[in-house]
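Residue-level listing of the chains:
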Amino acid sequence: MMLKTFLLATALCIATPAMAQVPDFPADFRTREIQVNGATIHVRVGGHGPAVLLLHGYGETGDMWSPMAAALDDDHTVVVPDLRGMGLSSHPATGFDKMNQGRDMQGVLAALRIERFDIVAHDIGNMVGFALATQAPDRVGRMVLIDAPVPGVGPWDEILKNPLLWHFRFGGPDMERLVAGRERIYLDRFWNEFSANPDRFDEESRDHYAALYARPGAMRSGFAQFAAFDQDAADNRAWLAKGARLTMPILAVGGEKSFGPMMATVMRFAGSDVSEGVVPGSGHWIMEENPDATVALVIRFLGEDQ
């Protein structure tokens with residue numbers, strides 16, 4: 001593992017800065033369409049060894065994880081879904097609360113006959129991964145949550161006051177009409193404002209994701225992810241009110257120019273074994289802005305118990 005990490009880091013350090021061209025997954029990866037919980041989940045699966053579930057966030061799809069998957073597949077079974085309503089997964093009318101999406105992931109793992117797994121998540125993936133961990137804590141070995149808060153956990157109400165987060169309340173039929181045919185304009189706002197260096201999120205990647213979010217029903221589904229936050233916060237607060245805590249090791253990672261060490265501060269409200277990681281020189285889009293540091297942090301953490 002250490003040799004692989006060194007070789008990977010060396011290769012990434014000499015690569016060109018533009019790392020976000022949505023590279024292909026390794027050749028051994030296969031895709032599956034898994035019917036579960038009223039949705040069809042598009043899943044990429046490859047590698048061999050202990051399982052790790054990679055969960056993406058808004059503005060991207062599971063495609064964001066291709067460099068991470070390439071780094072892990074020699075010694076991990078890597079499972080990379082598109083979340084309900086995103087990417088090539090289906091766009092059901094309901095079910096976007098994160099507890100329900102945790103059940104989506106339980107169904108995916110059951111279909112793949114995976115009992116125990118690690119979680120690596122970013123953005124809305126954090127919220128789904130957190131829900132899944134509360135539902136099946138004994139099945140999660142380690143968890144990495146990257147650069148997004150979890151509804152109802154820690155200073156959630158204060159975070160909501162940030163004017164940059166106006167999109168949390170932006171949704172509904174009129175908003176769908178406003179962005180129809182203008183998906184790239186809407187998404188550029190996220191990629192530009194939440195990055196330390198917008199140029200790191202290159203044109204090819206922007207076109208790729210904008211086309212996926214322009215698919216029929218995709219923007220409605222995206223708005224529904226945000227609209228569910230009030231329910232997500234209520235669910236998580238109810239879980240915390242029981243005195244529950246996540247006891248698996250958690251690495252809480254923030255981009256240096258985004259959440260930074262605040263990620264660990266937030267997660268210590270819900271986890272008893274939380275360590276801190278910071279991706280240097282990065283804003284929110286860690287796999288575009290500094291993939292080498294992100295991959296190295298994750299590989300080192302996942303390998304600590306091996």
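Heads up: the structure comes first, above all this text.
The following refers to the structure shown. (Residues numbered from 1 in each chain as written. Predicted model: local features only at pLDDT ≥ 70, side-chain atom pairs only at ≥ 80, totals over all residues. Heavy atoms only, no water.)

1. Examining the environment of Pro280
Consideration 1: Positionally, Pro280 belongs in the loop between β8 (274–279) and α12 (286–289).
Consideration 2: The exposure class assigned to Pro280 is partly exposed, which follows from its relative accessible area of 44%.
Consideration 3: For the pair Pro280 and Gly254, spaced 26 residues apart in the sequence, the C-alpha separation amounts to 9.0 Å.
Consideration 4: When residues no more than four places from it in sequence are discounted, the contact partners of Pro280 are Glu256, Asn290 and Ala293. (Helix = DSSP H or I, 4+ residues; strand = E, 2+ residues; numbered from the N terminus. Buried < 20%, exposed > 50% of the residue type's maximum accessible area, 1.4 Å probe, protein only. Contact = heavy atoms within 4.5 Å.)

2. Quick notes on the layout of surface pockets
Consideration 1: In this model, the largest pocket occupies a volume close to 440 Å³.
Consideration 2: Lining the largest pocket we find 25 residues, and of these Leu165, Phe194, Ser258, Phe259 and His284 sit closest to its centre.
Consideration 3: Contributing elements (two or more residues each) for the lining of the largest pocket: α4 (124–135) and α7 (183–193). (1 Å grid on protein atoms, 1.4 Å probe; cavity = no way out; pocket = protein on both sides within 12 Å on 5 of 7 lines; lining within 4 Å. Points joined across faces, edges and corners; volume = space filled by probe spheres on them.)

3. Some words on the environment of Leu160
Consideration 1: Topologically, Leu160 is positioned in the loop between α5 (156–159) and α6 (173–179).
Consideration 2: Measuring from C-alpha to C-alpha, the distance between Leu160 and His42 comes to 31 Å, with 118 residues separating the pair along the chain.

4. Comments concerning helix α10 (residues 229–241)
Consideration 1: Between its first and last C-alpha, α10 extends 18 Å over 13 residues, near the 18 Å set by a 1.5 Å rise per residue.
Consideration 2: The set of residues buried in α10 consists of Phe229, Asp232, Ala233, Asn236 and Trp239. Viewed along the axis of α10, the buried residues span an arc of 130°, placing them on a single side of the element.
Consideration 3: Tucked into the core, α10 has its buried residues touching α3 (98–111), α4, α5 and α9 (218–227).
Consideration 4: Two residues or fewer after α10 comes Gly243, characterised by a positive phi angle close to 85°. (Expected span 1.5 Å × (residues − 1). Arc of directions from axis to C-beta.)

5. Some details on the pairing of strand β7 (residues 250–255)
Consideration 1: Here β7 lies mainly inside the structure; six of its six residues are buried.
Consideration 2: Across the two faces of β7 the burial is the same, with Ile250, Ala252 and Gly254 and Leu251, Val253 and Gly255 all buried.
Consideration 3: Of the pairings in the sheet, the one linking strand β6 (residues 140–146) to β7 comprises four bridges and is parallel in character. Counted as the bridge partner of Val144 is Leu251 from β7.
Consideration 4: On the question of chirality, the crossover connecting β7 to the parallel β8 by way of helix α11 (residues 262–267) is right-handed. (Pairing = 2+ DSSP bridges. Right-handed = clockwise from strand over helix to strand, strands pointing away.)

Nothing here speaks to function; it is all geometry.
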